[in-house]
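Here is what each chain is made of, one letter per residue.
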Amino acid sequence: MKTAVIGIDIGGTNLRSALVTASGAIVEQRRSTSGIETGRDRFCSRLLASIDELREEAARRGIRVHAIGAGVPGLIGRDGLIHSSVNMRPLEGLNLGSFLEERTGLPAACGNDANIIALGEQRFGAGKGLSSFLVVTIGTGLGSGLILDNRLWTGANGFAAEFGHVTVDPQGLPCPCGNRGCLEQYCSGGAVVRAARELIPAGLLAPAPPEPGAEAVAALARQGVAGARTAFERLGRWLGIALGSLSNTLNLEAVIVGGGVAASFDLLLPGLRAELSQRCFPHIYDGLAILKTELGDDAGLLGGAALAEERLHVPPPPRTEDDGPSLQAP
Ligand SMILES: [Zn+2]
């Protein structure tokens, strides 16, 4: 009998779930609004209904579902509790993995959304065959997940790899976390728009509202607007300043860049490389590949699937020749 797991991507706006095979193929998926504002009970009912639909579809296709993995934005402890989630407040205090196990009878686990994207890239994407790397997702904010020696590194209490809150400017911009000068304030979609407004002639970017996004700045950069290119270069430099310290600490094999801003990977790369080459020991920089995520919009779903496979203690497969070279030269 064929088997699959269910990967779930829970966000403040959308709730997505999918049947995923061991090789990372999405067989069937469901998408709805998360509707978290209607409260925990209704959200959980919707979540369970989507799981039931996928299990029914699996049964029709002769597929046995053997585990569930879900990603949630927020701090999730080793105890399995969602300790804090700005976008999903009603879920705070819930052990979603245990809840899903009780209600579905399947092994289940829940993890931080950026952490499970790192697991997904390790099992199915750009991190295949790599043992130590950081995944950085740059969008509205900056999320990250760290794989060290083939394991997702969650730290003493489960909260590790909050790389977006590394201080890059001690007297810098205030951050919602309570600190000042966090990387996320300088390396995010909003940050690139803010930088562009300082650097390019007024009127080139649409006045708010609606607020233009990073993609509008990227479009100007590709049209040759120098200030727009500089805005992305600055974003790359801030990322490089923080990554230089991390790379000197951990001697990673790769950093894998994803999220909405990753569509502009080529625009941020020059600034990122310039800072890394200046700040890292040469032996460390030479061994560090800078890659783009391979899982795109499905990263959360495939991350959930990777977490489900982990829950079943299935190790990630080694890289094969079909996967291409494991590293690209810096
Ligand atoms: Zn912060």
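Residues numbered from 1 in each chain as written. Predicted model: local features only at pLDDT ≥ 70, side-chain atom pairs only at ≥ 80, totals over all residues. Heavy atoms only, no water.

**Q** How should I be thinking about the pairing of strand β3 (residues 26-33) in this particular structure?
**A** A regular strand places its side chains on the two faces of the sheet in alternate fashion. Looking at chain direction, strand β2 (residues 14-20) and β3 are connected through seven bridges and run antiparallel. Looking at β3, one finds that serine 17 is bridged to arginine 30. Counting the residues between successive antiparallel strands, the hairpin from β2 to β3 contains five residues, one of them, glycine 24, with a positive phi of roughly 95°. (Pairing = 2+ DSSP bridges. Helix = DSSP H or I, 4+ residues; strand = E, 2+ residues; numbered from the N terminus.)

**Q** Looking at this model, I keep getting lost on the coordination of the zinc ion. Mind explaining?
**A** Put simply, a metal with four donors set out as a tetrahedron has ideal angles of 109.5 degrees, and one with six donors set out as an octahedron has ideal angles of 90 or 180 degrees. Those donors, His165 (ND1), Cys175 (SG), Cys177 (SG) and Cys182 (SG), are the protein atoms that reach the zinc ion, and they lie 2.0 to 2.3 Å from it. Around the zinc ion, the four donor atoms are arranged such that angles at the metal cover 105 to 117°; this shape is classified as tetrahedral. Of note, the zinc ion draws all its donor residues from one chain, in the sequence arrangement H-x9-C-x1-C-x4-C. Owing to a relative accessible area of 0%, cysteine 182 belongs among the buried residues under this scheme. (Donors = N, O, S within 2.8 Å, 3.2 Å for Na, K, Ca; no water. Tetrahedral: all angles 85-135°; square planar, octahedral: opposite > 155°, others 65-115°. Buried < 20%, exposed > 50% of the residue type's maximum accessible area, 1.4 Å probe, protein only.)

**Q** I'm lost on the packing of aromatic side chains in this one. Help?
**A** Aromatic ring pairs are reported here in terms of the distance separating the ring centres and the angle at which the planes meet. A complete count under the given rule lists one aromatic pair for this structure. With 4.5 Å between their ring centres and 40° between their planes, tyrosine 186 and tryptophan 238 make a pair best called tilted. Here tyrosine 186 is found in the loop between β10 (151-152) and α4 (189-199), whereas its partner tryptophan 238 is found in helix α6 (residues 226-250), with 52 residues between them in sequence. Residue tryptophan 238 is classed as partly exposed on the basis of its relative accessible area, which comes to 25%. (Phe/Tyr/Trp six-rings, centres within 6.5 Å; stacked < 30°, edge-to-face > 60°.)

**Q** In this structure, what is going on with the domain arrangement of the protein? I would like to understand it.
**A** Buried accessible area, meaning the area lost when the parts come together, often serves as the stated size of an interface. The assigned domain composition of the protein is domain 1 (2-113 + 297-323) and domain 2 (126-293). For domain 1 and domain 2, the distance between their C-alpha centroids amounts to 27 Å. On the domain 2 side, the residues contacting the nine residues of domain 1 number 11 residues. Contact between domain 1 and domain 2 buries roughly 840 Å² in total, counting both sides, with carbon and sulfur atoms accounting for 47%. A per-residue breakdown of the area domain 1 buries against domain 2 is headed by Leu75, Arg78 and Arg319, which together make up 55% of the total. Where domain 1 meets domain 2, there are zero salt bridges. Inspection of the region where domain 1 meets domain 2 yields three residue pairs in polar contact (both at pLDDT 80 or more). (Domains from an automatic or database assignment. Contact = heavy atoms within 4.5 Å. Buried area = accessible area lost by both parts, 1.4 Å probe. Salt bridge = Lys/Arg side-chain N within 4 Å of Asp/Glu carboxyl O. Polar contact = N/O pair within 3.5 Å; in protein donor to acceptor, adjacent residues only side chain to side chain.)

**Q** So what exactly am I meant to see when it comes to the sheet that holds strand β12 (residues 289-292) here?
**A** Consider a sheet: its strands pair through backbone hydrogen bonds, and that pairing is either parallel or antiparallel. Here we have five strands laid out as an open sheet, ordered β10-β9-β8-β11-β12, and mixed in their pairing. The sheet terminates laterally at β10 and β12, the two strands that pair on one side only. Sheet topology places strand β11 (residues 254-258) next to β12; four bridges connect them, and they run parallel. Within β12, the residue paired with alanine 254 across the bridge is alanine 289. Most of the contacts of helix α3 (residues 113-124) go to strand β9 (residues 142-148), to which it runs at about 50°, and overall it touches β8 (133-138), β9 and β10. (Axes fitted to C-alpha atoms, helices over the stretch in contact; angles between N-to-C directions.)

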